[in-house]
Amino acid sequence: MPGLPLIIDCDPGVDDAIALLLAIAAKEALEVLAITTAAGNVGGDLTARNACRVREIASRPDIPVFAGMDRPLSREPVGADHFHGVSGLGDLPVLAPARGPETRHAVDYLVETLRSRPPGEVTLALMGPMTNLAEAMRRAPDIIPRIRGVVAMGGARREGGNITASAEFNIFADPHAADVVVRSGVDLALLGLDVTHQVTATEARRRRISELPGASAAAVSRLLAFSAGTEARLGTGGPPPLHDPCVILALLDPDAFHFRPCALAIETSSLLTLGHTAVEFRVGPERPANVDWAVDADSDRAFDLIYRLLGQAA
C-alpha cells in the first residue's frame with residue numbers, strides 16, 4: 001500500500017535536513033510527493049540547493065524540489081545562519097547537486113497539485129516559515145478545503161522564544177504568513193518549542209546514531225555534532241533539540257506526542273512581541289479552537305523511531 005501523500009515545505013537548515021532524511025527513510029509510511037523550499041534559516045537559493053543535496057544523500061534524486069518565496073510576505077527577511085552555518089547545512093561538505101530544483105515555482109506547484117489531487121488526500125509538513133503555503137492560500141483559497149491537514153513546527157508558549165524573548169524563529173521569520181495559515185480554517189497541528197525542547201539529542205543518543213550504518217545516519221550524526229557545538233556556544237548549553245524532525249515523527253507516530261486543542265493567534269504588529277503565538281486552552285463557542293497544540297513528547301519513543309528509520313535507510 002502507498003504511504004501518506006506528503007509535501008514537505010522547509011528551509012534547510014540543519015534540523016530540516018535531518019527531518020528530510022527521516023521522512024525519505026519512512027518510504028512505506030510516507031509518499032513524499034515533493035519538497036518545496038522558502039527563504040528562512042538561510043536565503044532561498046541556499047535552501048533549495050540544500051534540499052537537493054539532502055535528497056542525494058538519501059539516494060532519492062527523483063523527489064522533485066521546487067524553490068519558492070525568497071522573502072517573507074511583509075516583514076524584512078531574517079536568517080539563522082549563526083545557528084545553521086553559512087551554507088545552512090552545518091559543516092557538511094557543500095557539493096553542487098547533480099540535479100537542481102525544478103523550474104516551476106513552489107507556490108504554483110502547491111496550487112496545481114492540491115487542485116489536481118483528490119480532496120483530502122495530501123498532507124503538508126511545514127518546517128520553516130509558512131510563506132509558500134500562505135501565498136498559495138491567498139492566490140487560490142479554493143485549495144484550503146482540499147488539504148488533508150497541516151503539521152507544522154513553530155511557536156512557543158511556556159518555553160518562551162528562541163529568536164526573541166517571546167517568538168520562535170519559524171513564526172518570527174514570517175508572522176504574517178503564519179497568521180494567514182492559522183486563520184484559514186485548515187486542520188492544523190503545531191509542534192512548538194514546548195515539545196521540541198523535550199526531544200533532545202543527548203550524547204548517548206548521538207553516539208547510538210553514529211554507530212548506525214549508511215549515508216543518512218552518517219549525515220545525521222555529523223549534523224547533530226554541529227548542532228551540539230552550536231548549542232554549547234550560542235544556545236542553552238544543553239543537548240540540541242530536534243525541532244523540525246518532530247513534524248515527521250508526529251506524522252509517523254502521533255502517540256509519541258500529546259496535543260491539546262487551543263485558540264491560537266499570531267502577533268503581527270507589535271515591535272516588542274512580533275511573532276508571538278498566543279495560545280489559549282480555554283476554548284468554547286465564543287472562542288473556538290483552531291489548532292491542535294503539542295504540549296508533551298515521549299522523547300525515548302521518538303528516538304526509538306529515529307533509530308529504526310536511520311537503520312532501515314542504510
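Just above, that's the structure.
Residues numbered from 1 in each chain as written. Predicted model: local features only at pLDDT ≥ 70, side-chain atom pairs only at ≥ 80, totals over all residues. Heavy atoms only, no water.

So, on to the packing of helix α4 (residues 106–116) against helix α5 (residues 131–139). It is at 9 Å that the axes of α4 and α5 come closest, and there the two elements cross at 55°. If you check the angle between α4 and α5, you find them oblique. The handedness of the crossing between α4 and α5 comes out as right-handed. Along the contact surface, α4 presents Ala 106, Val 107, Asp 108, Leu 110 and Val 111, while α5 presents Asn 132, Leu 133, Glu 135, Ala 136 and Arg 139. Classifying every residue of the contact of α4 with α5 gives six nonpolar, one polar and three charged. (Axes fitted to C-alpha atoms, helices over the stretch in contact; angles between N-to-C directions. Helix = DSSP H or I, 4+ residues; strand = E, 2+ residues; numbered from the N terminus. Parallel < 35°, antiparallel > 145°, perpendicular 65-115°, else oblique. Left-handed = near helix turned anticlockwise from the far one by under 90°. Contact = heavy atoms within 4.5 Å. Nonpolar A, V, L, I, M, F, W, Y, C, P; charged D, E, K, R; others polar.)

On to the pairing of strand β2 (residues 30–37), then. Most of β2 is tucked away, with seven of its eight residues classed as buried. The sheet contact formed by strand β1 (residues 4–10) and β2 spans seven bridges and is parallel. In the sheet register, Leu 6 faces β2, and the bridge partner there is Val 32. Of the strand pairs in this sheet, β2 and strand β3 (residues 65–67) are connected by three bridges, and their pairing is parallel. When the sheet's bridge partners are listed, Thr 36 is paired in β3 with Phe 66. In this fold, the crossover linking β2 to β3 by way of helix α2 (residues 44–57) has right-handed handedness. (Buried < 20%, exposed > 50% of the residue type's maximum accessible area, 1.4 Å probe, protein only. Pairing = 2+ DSSP bridges. Right-handed = clockwise from strand over helix to strand, strands pointing away.)

So, about the pattern of salt bridges. Inspection of every chain in the model, using the stated rule, returns 17 salt bridges. In this structure, Asp 62 and Arg 60 form a salt bridge, with 2.8 Å as the shortest nitrogen-oxygen distance. The class of Asp 62 is partly exposed, set by a relative accessible area of 45%. Look at Arg 60 and you get partly exposed, because its relative accessible area is 27%. Taken together, the salt bridges that share partners define one network made up of Asp 108, Glu 135, Arg 138 and Arg 139. (Salt bridge = Lys/Arg side-chain N within 4 Å of Asp/Glu carboxyl O.)

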